Amino acid sequence: MNRPTRILVTGAGGQVGVDLVDILRGDLPWGASAAFVPDGRTIEDDEFEVLALTHHDLDITDRDRVVAALRATHPDVVIHLAAYTAVDRAETDAATCFAVNATGTGNLSEAAREAGAHLIAVSTDYVFDGRKGASYVEEDATNPLSVYGASKRDGELLCGEGDTIVRTSWVMGVRGKNVVHVIAERAASGQAVRFVDDQTGTVTVASDLARALVALARTRPGATWHVANTGTTTWYDVAAFVGRTLGRGEDFATPIASADLSPTPLAHRPERSDLDTTKWRAHFEALPEWTDGVARLVRERLLRTAQ
Ligand SMILES: NC(=O)c1ccc[n+]([C@@H]2O[C@H](COP(=O)([O-])OP(=O)(O)OC[C@H]3O[C@@H](n4cnc5c(N)ncnc54)[C@H](OP(=O)(O)O)[C@@H]3O)[C@@H](O)[C@H]2O)c1
């Protein structure tokens, strides 16, 4: 019998991490689609052995500890999700952000190479400046507008040739704080929301991304991949959709311009950074439509708050 594939997950306590660890252990996390099986293969019992490391377990900025952790555990694959993700805070905390997203990712790549493990590192659409005027493909030139985007771009550059880089965008899970939760809380409490309609992107539901990462962990293809749910949208459209799903009228969400946000966010965000997933879809099943994914998150949140 084949031994299980040993997968080490960094950032296992984050919103993608918790769903990924559930999926690798054969469980269906809250809000996951049972129908989305990107490579057509369900997870066998004992297919994976999971080493789930939270920030508390391993600080990825500590190179020696990262090297020691991989030497001690001999993973086949490292799925690297640990990141500094506070995009606005990063503008005034650049050193920490670069230490985690750039140096930390370099530490993982180096340690994985030394341990003979394949690294899958997750990056972001914010490596782009949003000025292309069309969806971004993997080969497009990067030009980040923010400290966070620049730190993730540097993390990509510190990856080795054989590593797999997965760029994703607008990630939201059932667990963890994100925009959908904020919108749903306002909808449930009778308040209205204002959201920008001049930032276009692609929503990614954490559990759908996690399934995609499992498929990549099986094939270990290397190179860069864009992975996101199907369909392009704006934050205003996401808010209006959540409102409709929760039975609110058309007056629930009002579109505004980014320039009218108050207080002005510290970080510049790209106007249009939707990811073109043609490459992914040529090899694997497309991720579900973003509306399907967001409806799952809202439904699951309702079920959980009703308990
Ligand atoms: N969220 C998005 O919208 C989005 C969009 C595009 C790409 N991504 C990328 O997707 C990946 C997963 O994101 P996510 O949404 O799951 O993020 P998340 O919920 O913020 O999780 C990131 C995790 O990394 C941990 N972490 C932070 N600093 C660390 C360190 N020095 N050492 C070890 N762990 C550390 C955090 O732990 P603590 O909280 O305890 O510090 C947290 O559990 C990241 O690479 C992110 O950049 C996210």
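The preceding data block contains the structure.
Keep in mind the model is a prediction, meaning the values are calculated, not measured.

*Asks:* Quick one: what's the story with the overall build of the protein chain, residue by residue and with numbers?
*Replies:* Helices and strands together make up the secondary structure of the protein chain, namely nine helices and 12 strands. Relative to a compact globule of 307 residues, whose C-alpha radius of gyration would be 19 Å, the protein chain shows 19 Å and is just as compact. C-alpha extents for the protein chain along the principal axes are approximately 55 × 40 × 35 Å. Residue burial in the protein chain is summarised as follows: out of 307 residues, 52% are buried. Look at the contacts in the protein chain between residues 6 or more apart in sequence, and 84% of them connect residues 24 or more apart.

*Asks:* Go over the layout of surface pockets, please, and point to the residues and values.
*Replies:* Within this model, the second largest pocket holds a volume of roughly 190 Å³. Around the second largest pocket, the lining is made up of 15 residues, and of these Ile-23, Arg-41, Thr-42, Ile-43 and Arg-211 lie nearest the centre. If you tally residues by element for the lining of the second largest pocket, the top one is helix 6 (residues 206–219), at four residues. Of the residues belonging to the lining of the second largest pocket, the class tally is eight nonpolar, two polar and five charged.

*Asks:* Report on the site of the ligand, specifying residues and quantitative values.
*Replies:* With respect to spatial proximity, 24 residues lie near the ligand, and among them His-55, Asp-59, Thr-85, Tyr-148 and Lys-152 are the closest. In the environment of the ligand, an oxygen atom lies 3.0 Å from a nitrogen or oxygen atom belonging to the backbone of Val-16. Contact distances for the ligand include 3.2 Å between an oxygen atom and a backbone N or O atom of Ala-83. Compared with its free state, where it exposes 900 Å², the ligand has 78% of that area covered by protein. Looking at the shell around the ligand, the elements with two or more residues in it are helix 1 (15–24), strand 4 (118–124) and helix 4 (147–157). Per-element accounting of the shell around the ligand gives the leading share, three residues, to strand 4.

*Asks:* Describe the packing of helix 5 (residues 179–188) against helix 7 (residues 235–245), with residues and values.
*Replies:* The N-to-C vectors of helix 5 and helix 7 enclose an angle of 45 degrees; their axes lie 9 Å apart at closest approach. What the angle tells us is that helix 5 and helix 7 run oblique. Relative to helix 7, helix 5 is oriented so that their crossing is right-handed. The residues of helix 7 that touch helix 5, namely those facing Val-179, Val-180, Ile-183 and Ala-184, are Trp-235, Val-238, Ala-239 and Val-242. Considering only residue class, the contact of helix 5 with helix 7 consists of eight nonpolar, no polar and no charged.

*Asks:* Provide a residue-level description of empty space enclosed by the protein, including the pertinent values.
*Replies:* The full count for this structure, using the stated rule, is two cavities of 30 Å³ or more. By volume, the largest cavity is sized at about 70 Å³. Lining the largest cavity are His-80, Ala-82, Asn-101, Thr-105, Ala-121, Val-122, Ser-123, Lys-152, Gly-155, Glu-156, Cys-159 and Ile-165. Counting residues per element, the ones that place at least two in the lining of the largest cavity are helix 3 (94–115), strand 4 and helix 4. Every residue lining the second largest cavity is listed: Tyr-236, Ala-240, Gly-243, Arg-244, Arg-248, Gly-249, Glu-250, Phe-252 and Ala-253.

Cut-offs used in this document
- Residues numbered from 1 in each chain as written.
- Predicted model: local features only at pLDDT ≥ 70, side-chain atom pairs only at ≥ 80, totals over all residues.
- Heavy atoms only, no water.
- Helix = DSSP H or I, 4+ residues; strand = E, 2+ residues; numbered from the N terminus.
- Rg over C-alpha atoms; globule rule 2.2 N^0.38 Å.
- Buried < 20%, exposed > 50% of the residue type's maximum accessible area, 1.4 Å probe, protein only.
- Contact = heavy atoms within 4.5 Å.
- 1 Å grid on protein atoms, 1.4 Å probe; cavity = no way out; pocket = protein on both sides within 12 Å on 5 of 7 lines; lining within 4 Å.
- Points joined across faces, edges and corners; volume = space filled by probe spheres on them.
- Nonpolar A, V, L, I, M, F, W, Y, C, P; charged D, E, K, R; others polar.
- Near = heavy atom within 4 Å.
- Polar contact = N/O pair within 3.5 Å; in protein donor to acceptor, adjacent residues only side chain to side chain.
- Areas by Shrake-Rupley, 256 points an atom, 1.4 Å probe, with all protein chains shown as cover.
- Axes fitted to C-alpha atoms, helices over the stretch in contact; angles between N-to-C directions.
- Parallel < 35°, antiparallel > 145°, perpendicular 65-115°, else oblique.
- Left-handed = near helix turned anticlockwise from the far one by under 90°.

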